[in-house]
Amino acid sequence: MRAMEIPREAQINAILNQSVSDLLQQYCFGSWLVLRKNWTVGMNEIVCAAKPGGLARFVRKPGAGEGFLLLEDGNGYAVCYIERGQVSERRHFTDLEAAFRCWLEKTMQSMTLPVLP
């Protein structure tokens, strides 16, 4: 089973909008394995695409969901893993771009997507 080529823009939009499951149905026959094999967009390209809209739009409020979240805290930013209201991982950053890159990498890893440069 060979997937259709996944447009780069569709990959970027899916990861930034947290709608990767849409790519599964549209291009990958519902298979995460097929998606992983056909993922071609790197971190730098995703970060560049996110910047024009402002990285601050990815900062969430505490209690805004589960999984990896990018939060603002008193000293800058934090990337946290939250499940059932419990924080099991937290990394602090003073720089929003560094925090965003960490959040992006953790999010991609949690979906077993390749983290390309």
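Residues numbered from 1 in each chain as written. Predicted model: local features only at pLDDT ≥ 70, side-chain atom pairs only at ≥ 80, totals over all residues. Heavy atoms only, no water.

Novice: Before we move on, could you go through the overall build of the chain and cite the residues and values that matter?
Specialist: If you tally the helices and strands in the chain, you get five helices and four strands. N-terminal to C-terminal, the α/β element order of the chain is α-α-α-α-β-β-β-β-α. Taking 13 Å as the expected radius of gyration for a compact globule of 117 residues, we find that the chain reaches 15 Å, a close match to that expectation. With respect to the principal axes defined by its C-alpha atoms, the chain has extents near 50 × 30 × 20 Å. (Helix = DSSP H or I, 4+ residues; strand = E, 2+ residues; numbered from the N terminus. Rg over C-alpha atoms; globule rule 2.2 N^0.38 Å.)

Novice: Describe unusual backbone geometry, listing the residues and the values that go with them.
Specialist: Non-glycine residue Phe-29 carries a positive phi angle of around 55°. Notably, Thr-112 is not glycine yet its phi reads approximately 55°, a positive angle. By the secondary structure assignment, Thr-112 is in the segment after α5 (96-110). According to the relative accessible area criterion, Thr-112 is partly exposed, its value standing at 43%. (Buried < 20%, exposed > 50% of the residue type's maximum accessible area, 1.4 Å probe, protein only.)

Novice: I'd like a description of the nonpolar core, backed by residues and values.
Specialist: Ile-15, Leu-35, Trp-39, Ile-46, Leu-70, Phe-100 and Leu-104 are the most contacted members of the largest nonpolar core, which totals 35 residues. Secondary-structure elements contributing two or more residues to this core are α1 (8-16), α2 (20-27), α3 (32-38), α4 (43-50), β2 (67-73), β3 (76-83) and α5. Beyond its immediate stretch of four places on either side in the chain, Trp-39 contacts Gln-11, Ile-15, Leu-23, Ile-46, Met-108, Leu-113, Pro-114 and Leu-116. By size, the runner-up hydrophobic cluster in this structure holds five residues, among which are Leu-69, Leu-71, Ala-78 and Ile-82. (Core = buried A, V, L, I, M, F, W, Y, C linked by side-chain atoms within 4.5 Å. Contact = heavy atoms within 4.5 Å.)

Novice: Lay out the packing of α1 against α4 with the relevant residues and their values.
Specialist: Running from N to C, α1 and α4 point in directions that differ by 70°, and their axes come no closer than 10 Å. Between α1 and α4, the angle falls in the class roughly perpendicular. Each of Arg-8, Ile-12, Ile-15 and Leu-16 in α1 lies in contact with α4, whose residues at this interface are Glu-45, Ile-46, Ala-49 and Ala-50. Counted by class, the contact of α1 with α4 contains six nonpolar, no polar and two charged residues. (Axes fitted to C-alpha atoms, helices over the stretch in contact; angles between N-to-C directions. Parallel < 35°, antiparallel > 145°, perpendicular 65-115°, else oblique. Nonpolar A, V, L, I, M, F, W, Y, C, P; charged D, E, K, R; others polar.)

Novice: An account of the sheet that holds strand β4 (residues 86-93) is requested, with residue identities and associated values reported.
Specialist: A sheet is described by the order of its strands in space; here four strands give the open sequence β1-β2-β3-β4, paired in mixed fashion. Looking along the sheet, the strands with just one partner apiece sit at the ends: β1 (59-60) and β4. The sheet contact formed by β1 and β2 spans two bridges and is parallel. Note that in β2 the partner of Arg-60 across the bridge is Leu-71. Sheet contacts for α5: β1, β2, β3 and β4; angle to β2, the most-contacted strand, approximately 165°. (Pairing = 2+ DSSP bridges.)

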